[in-house]
Amino acid sequence: MNTGIPLEYFLILASVMFFVGIYGFLTRRNLITILMSVELVLNSVNINFLAFNKYLFPDQFQGQFFGLIIIAVAAAEAAVAIAIIINIYRHFTTINVEDVDQMKF
Amino acid sequence: MTGNQLMFAIFGMLIIIFSILTVTSRRILRSAVFLLFVLVSTAGLYFMLNYQFLAAVQLTVYAGGIVVLIIFSILLTSHISEKFEVVGMKKQIFSGLAAIAGIILTISTILQTEFKATEVAAKEVDMEAIGLSLLNYGENGFVLPFEVISILLLAAMIAAIVIAKKGKTQKP
Amino acid sequence: MMDLSISIWIPLIPLFMFLLIGLFGHRFKPLVSGVMGTIGLGVVAILSYTIAYQYFFVQGKVDGVYHKIIAFNTVWLNLTDKLHIDLGVLLDPIAAMMLVVVSTVSFMVHLYSIGYMHGEKGFHRFFAFLSLFSFSMLGLVLATNIFQMYIFWELVGVSSFLLIGFYYTKPSAVAASKKAFIVTRFADLGFLIGILILSFITGTFDFITLTDTSGEAIRQGATIGFLGMSVMTWAMLLIFMGGAGKSAMFPLHIWLPDAMEGPTPVSALIHAATMVVAGVYLVARMFPVFHTSAPHALEIIAWIGGFTSLFAAVIACTQLDIKRVLAFSTLSQIGYMMLALGVSGYGGEEGLGFMASNFHLFTHAMFKALLFLGAGAVIHAVHSNVMNEMGGLRKYLPITHITFLIACLTIAGVPPFSGFWSKDEILVAAFHFNKILFAVEYAVAGLTAFYMFRLYFTVFWGKDDRHYHHTPHESPLTMTIPLMLLAVASIFAGFIPFTELVTSDGAAFEPHIDYMIAVPSVLIGIVGIIVAMVMYRKENGMPEKMANNLKYLYKWSFNKFYIDEVYMFITKKIIFNYISRPVAWFDRHIIDGTMNGIAGVTNLVSFEIRGFQSGQLQKYAFVFVTSALALVLAFIYLWTN
């Protein structure tokens, strides 16, 4: 391939990033940092799409457009999530996810 | 080691290091800045893959838009100087184990899989081609996703306003 | 020729009245409900007379024999080709006769109740229940099959229950209604089992098929033995058990005296004239089956009837409550009817007992309704049930006095009043069957005259100078008119030629009066009257002396031979302690325990597992991620094929 880098490297990089995001999602308490972890996860998926497009189907656009759409979705998701977070903050005066546990038994 | 490989190594290292820092830093604003670095490095990777348009979008939307949004909301809801409490040991261990197990599982799967690299000549992806494809409803046309994403963005915008708006009766 | 299918309206009109008055009665003025119910029953009475006339004199007779006519029929439950339950109208001599009895008495009682129940709370409820009762009773009389009869049988029991407990704020009335319901329900259990056995053996519910003496159904099962008697005998005995419960035969008689807690018109209608003779009607309806397949059952019926009549007559001599005297008198008279059925043969002259029983049923309905309504008028005037508080009422209540006297003469069997004719036929039939039974009935005839005139003299003569709180006055016209009409019926009912109209096989036979029996029976009646007159005409010490001389007999009779106490002992001490209590324990601890245990375990498990539902988002996410990884592992590596 023109870049001289095997496809697997991209995939490994993306999956490491993905699971780092998951780790963040599971451990962080602040809702905003959780949101950032989600952004990491989305980003890693994006890398995968583009790498596959480049290496396996270079004559097509699908991967790129998926990436594009994911970026748009991420933007929308971030906007809504932050609106929700601000509302939660107003309601509970905290954005600690462990304190927001009203939805139980 | 070719230049490309060097670049990849640098970006890869940056992405992994800053990702880990993003999810472990105890100061929230630093977390946001580390996230910015990760996103910028990713944009670098896109440049490497010769996807200039996407890289530009990554920089503007992610780095320019989302991260700024996140920083604003941090300023609205947290004290900058505040440090997070240390995460509980049990939680750290279990989450870490899950993450590492996931990494091992995926990497071993990736390494076992044969990817058939094609020798087809790469298509030129300039702005014009992307623009035409986006509004084309024929073959290689993406007008439907384009419209769907437009509506999604509109809905998200309205929803964000409605949710974040203060109710009239609500106390400040 | 007239279409007999209009007879279906006879039960339907009271049903309609029941629904109308029951549902909307509280919106009308009370009097309107009463008048509506009365008019409804008046129409029914006219219809019944028309139908009876049509049946007896125009359409019923073919070649000199009365046939059963299905005037209306509809299949109600079509279970299988062979097994179906119909609802319809069956006309035959006894049904037509009962139609006349029920609608007449019911109409009279409705009319009377307008006056009697005036100003009572629940006036419209009373009339709604009366209509319900009329509907049920007419439906019972017209039933084409034993299952339909059973349905209406239970309906009659329910309306009786409702009417006895009419004054539901009075604990004694509530207890009496429950007692009546439970005792008759218990008897009806036997009836139901009897129906099931009978229909299992014969394969039909239908009365016409069942009672066809030349048919096959009636001969089934006579050869299958069980505990020394044929299965058919057992089935018929069980069916008679239902009849004995409704007709209050010994030992199931205990509910009837207590049922007098109900309003007096109810006692007249249900507990004297119509419902209590349902048992007699049932036996008469099934008579060919009894006679052909279960003669032993018939014999038992005769003895039970004879015993009950004597037993009740003895008790009636000592009771002080005017309505209870009449209640025991009713028991005694129904005993007569049962006995007459029990001693009867089938066909022609042999069926004298059958004829006599129905004859007596008819006349008894008239004069006993008259007695009860008269007693009601007395109670209405004096506001008391107890005889000792009455006396000299003949001056205040002239019409009641005369009609009551007529009724007493009738029941005492003095010619030419109707009671003489019917009772005489019963005595003749008993004489030909068994001399002991005859002697018993002969004694009962004397006792009857004695206790009726004891009642009469105490109430209307006795202490002439008795002082009342307020002067008793004659009842309003709505009450006296039924009395007079029923008095006329009591006098002349005896001249109806029953030997031509209502016989066991439908064919007429020649009546004759056996002076050997008629003359002594009249004599003993007159003796009874004279004894009563001597003792109670003027106040003297004789009744007390008599009671002291017959100390134990008097005491036992006064306490109704302690039958109630025996029942209480058996139910309270034995059944409650040794059967109900273990059953209740089993129910509470084993059955409920199992159910509660299941619920408890579910509850416990839920409490334990609700910990998972912590509301902690990250715990959910952790479970989600690890599960997803596990699935990936499972589907990609472990389950490769």
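Scroll up to find the structure.
Presented here is an overview of the structure given in this document. Note that residues are indexed from 1 along each chain, following the sequence as it is written. Going through the entries in the order they are written, you letter the chains from A and number the ligands from 1. Reporting of local features is limited, given that this is a predicted model, to residues whose pLDDT is at least 70; pairs of side-chain atoms are given and counted only at 80 or more, and all residues count toward the totals for whole chains, interfaces and linings. In computing side-chain properties, one takes all heavy atoms of the structure into account and sets aside hydrogens as well as water.

A few words now on the layout of surface pockets. Residue and element names in this part refer to chain C. For each structure, a 1 Å grid was placed over the protein atoms alone; sets of points admitting a 1.4 Å probe that cannot get out are labelled cavities, open sets with protein on both sides within 12 Å along at least five of seven lines are labelled pockets, and lining residues have an atom within 4 Å of a point. Grid points are joined across faces, edges and corners, and a volume is the space filled by probe spheres set on the points. Of the pockets and cavities examined, the largest pocket occupies roughly 880 Å³. Along the wall of the largest pocket there are 32 residues; nearest its centre are Cys317, Arg454, Met535, Tyr536 and Pro543. Note on conventions: DSSP H or I runs of at least 4 residues are helices, E runs of at least 2 residues are strands, and numbering of each starts at the N terminus. Listed by contribution, the elements that provide at least two residues to the lining of the largest pocket are helix H18 (435-460), helix H21 (515-536), helix H22 (542-549) and helix H23 (551-558). For the lining of the largest pocket, the leading source of residues is H21, giving six residues. Three classes are used, and their members are as follows: Ala, Val, Leu, Ile, Met, Phe, Trp, Tyr, Cys and Pro are nonpolar, Asp, Glu, Lys and Arg are charged, and the others, Gly among them, are polar. In terms of residue class, the lining of the largest pocket is built from 18 nonpolar, eight polar and six charged. Each pocket or cavity is described by its volume, and for the second largest pocket that value is around 630 Å³. For the lining of the second largest pocket, the element with the most residues is helix H24 (residues 563-609), which contributes eight residues. Partitioned by chemical class, the residues of the lining of the second largest pocket number ten nonpolar, one polar and five charged.

Attention now goes to unusual backbone geometry. Residue Pro251 of chain C is reached from Phe250 of chain C by a cis peptide bond, and omega for that bond is 5°. You can see Pro251 of chain C is positioned in the loop between helix H8 (231-246) and helix H9 (255-258). Phi angles above zero are rare outside glycine, and Thr93 of chain A is one such case at about 55°. With respect to the helices and strands, Thr93 of chain A occurs in the segment after helix H3 (62-92). Of note in this structure, Ala248 of chain C is not a glycine but carries a positive phi near 55°. By secondary structure assignment, the location of Ala248 of chain C is in the loop between H8 and H9. The class for Ala248 of chain C is buried, based on a relative accessible area of 0%. Exposure is judged per residue with a 1.4 Å probe applied to protein chains only, and the accessible area is read against the type maximum: over 50% gives exposed, under 20% gives buried, and values in between give partly exposed.

In this section: the environment of Lys82 of chain C. Considering the arrangement of structural elements, one finds Lys82 of chain C in the loop between strand S3 (69-78) and strand S4 (84-91). In the structure, Lys82 of chain C is positioned 121 residues away from Gly203 of chain C in sequence and 8.1 Å away in space, judged by C-alpha atoms.

Right, let's get into the interface of chain C and chain B. Contacts: residue pairs with any heavy atoms within 4.5 Å of one another. Facing seven residues of chain C, the contacting portion of chain B comprises nine residues. Carbon and sulfur atoms make up 73% of the surface buried where chain C meets chain B, a total of about 640 Å² over both sides. For the chain C face of the interface with chain B, the top three residues by lost area are Phe622, Leu629 and Tyr637 of chain C, together amounting to 67%. Throughout this description, a polar contact denotes any pair of N or O atoms lying within 3.5 Å of each other; where both atoms belong to protein, one of them has to be capable of donating a hydrogen while the other can accept it, and for residues adjacent in sequence the pair is counted only when both atoms sit in side chains. Summed over the shared surface of chain C and chain B, the number is two residue pairs in polar contact (both at pLDDT 80 or more). Residue composition of the side of chain C that touches chain B, grouped by class: five nonpolar, two polar and no charged. Here the quantity called buried area is the total loss of accessible area, with a 1.4 Å probe, experienced by two parts when brought into contact, counted for both.

Within 6.5 Å between ring centres, the rings of Phe, Tyr and Trp (the latter by its six-membered ring) count as paired, and their orientation is classed by plane angle as stacked under 30 degrees, edge-to-face over 60, tilted in between. The tally for this structure, following the rule as stated, stands at 40 aromatic pairs over all chains. Taking the centre distance of 4.1 Å and the plane angle of 20° together, the rings of Phe65 of chain A and Phe142 of chain B count as stacked. Residue Phe65 of chain A is located in helix H3, and its partner Phe142 of chain B is located in the loop between helix H5 (127-134) and helix H6 (143-164); the two belong to separate chains. For Phe65 of chain A, a relative accessible area of 4% puts it in the buried group. A centroid spacing of 5.7 Å and a plane angle of 85° characterise the contact between Phe126 of chain C and Phe127 of chain C, whose relative ring orientation is edge-to-face. One exposure class covers both Phe126 of chain C and Phe127 of chain C, and it is buried. Connected via pairs of aromatic rings, a cluster forms that spans Tyr53, Tyr55, Phe56, Phe57 and Tyr66 of chain C. Stacked on the ring of Phe207 of chain C, the Lys or Arg Arg285 of chain C has its end atom at 5.3 Å from the ring centre. Lysine and arginine charges are scored as sitting over a ring when NZ or CZ, respectively, is within 6 Å of the ring centre and within 35 degrees of the ring normal.

Before going further, it helps to spend a moment on the side chain of Thr318 of chain C. All names here are of chain C. Looking at the secondary structure, you find Thr318 in the loop between helix H13 (295-316) and helix H14 (322-343). Given a relative accessible area of 8%, Thr318 falls into the buried group. Those residues within four positions of Thr318 in sequence are excluded, and the remaining contacts are Arg454, Tyr554, Ser557 and Phe558.

Quick look at the pattern of salt bridges now. Residue and element names in this part refer to chain C. A pairing counts as a salt bridge when a side-chain nitrogen of Lys or Arg comes within 4 Å of a carboxyl oxygen of Asp or Glu. Within this structure, the stated rule accounts for nine salt bridges over all chains. Put simply, Lys179 and Asp258 hold a salt bridge, and the shortest N to O gap is 2.8 Å. Linking Lys179 in helix H6 (residues 171-202) with Asp258 in helix H9, this pair joins segments that are 79 residues apart in sequence. Asp258 matches Lys179 in its accessibility class, with the two residues each being buried. Within the structure, one salt-bridge network assembled from shared partners comprises Lys170, Lys179, Asp258, Glu261 and Arg324.

This part takes up helix H3 (residues 52-77) of chain B. By definition here, a helix of n residues has an expected span of 1.5 Å times n minus one. Given a rise of 1.5 Å per residue, 26 residues ought to cover 38 Å, and the 36 Å separating the end C-alpha atoms of H3 of chain B matches this to within 8%. Those residues of H3 of chain B that sit buried are Leu54, Ala55, Val57, Gln58, Tyr62, Ala63, Ile66, Val67, Ile70, Ser73, Ile74 and Thr77 of chain B. Considering only its buried residues, H3 of chain B is in contact with helix H2 (31-56) and H3 of chain A together with helix H2 (28-48) of chain B.

All right, on to the interface of chain A and chain B then. On the chain B side, the residues contacting the 69 residues of chain A number 83 residues. Summed over both partners, the interface of chain A with chain B comes to about 7000 Å²; 75% of that surface belongs to carbon and sulfur atoms. Where chain A meets chain B, there are one salt bridge. Glu98 of chain A is paired through a salt bridge with Lys91 of chain B; the nearest N and O atoms lie 2.7 Å apart. For the pair chain A and chain B, the number of links is ten residue pairs in polar contact (both at pLDDT 80 or more). Taken together, the elements giving at least two residues each to the side of chain A that touches chain B come down to helix H1 (7-27), H2 and H3 of chain A. Considering each element in turn, the side of chain A that touches chain B owes the most residues, 22 residues, to H3 of chain A. Among the residues forming the side of chain A that touches chain B, the class breakdown is 45 nonpolar, 16 polar and eight charged.

Time to look at a nonpolar patch on the surface. Residues and elements named next belong to chain C. Taken together, Val566, Phe569, Ile570, Ile574, Ile575, Phe576, Tyr578, Ile579 and Val583 make up a surface patch of nonpolar side chains, about 850 Å² in accessible area. Mapped onto the secondary structure, Ile574 falls in helix H24. For Ile574, a relative accessible area of 37% gives the class partly exposed. Each patch is assembled from residues with relative accessible area greater than 30% and no salt bridge, linking like charges that lie within 9 Å and nonpolar side chains (Val, Leu, Ile, Met, Phe, Trp, Tyr) that lie within 5 Å. Under the convention used here, a 1.4 Å probe and the Shrake-Rupley method define accessible areas, while residue burial counts only the protein chains that appear.

On the secondary structure map, Asn46 of chain A appears in helix H2. Assessed through its relative accessible area of 0%, Asn46 of chain A is described here as buried. Not counting chain neighbours up to four residues away, the residues in contact with Asn46 of chain A comprise Gly67, Ile70 and Ile71 of chain A together with Tyr46 and Gln58 of chain B.

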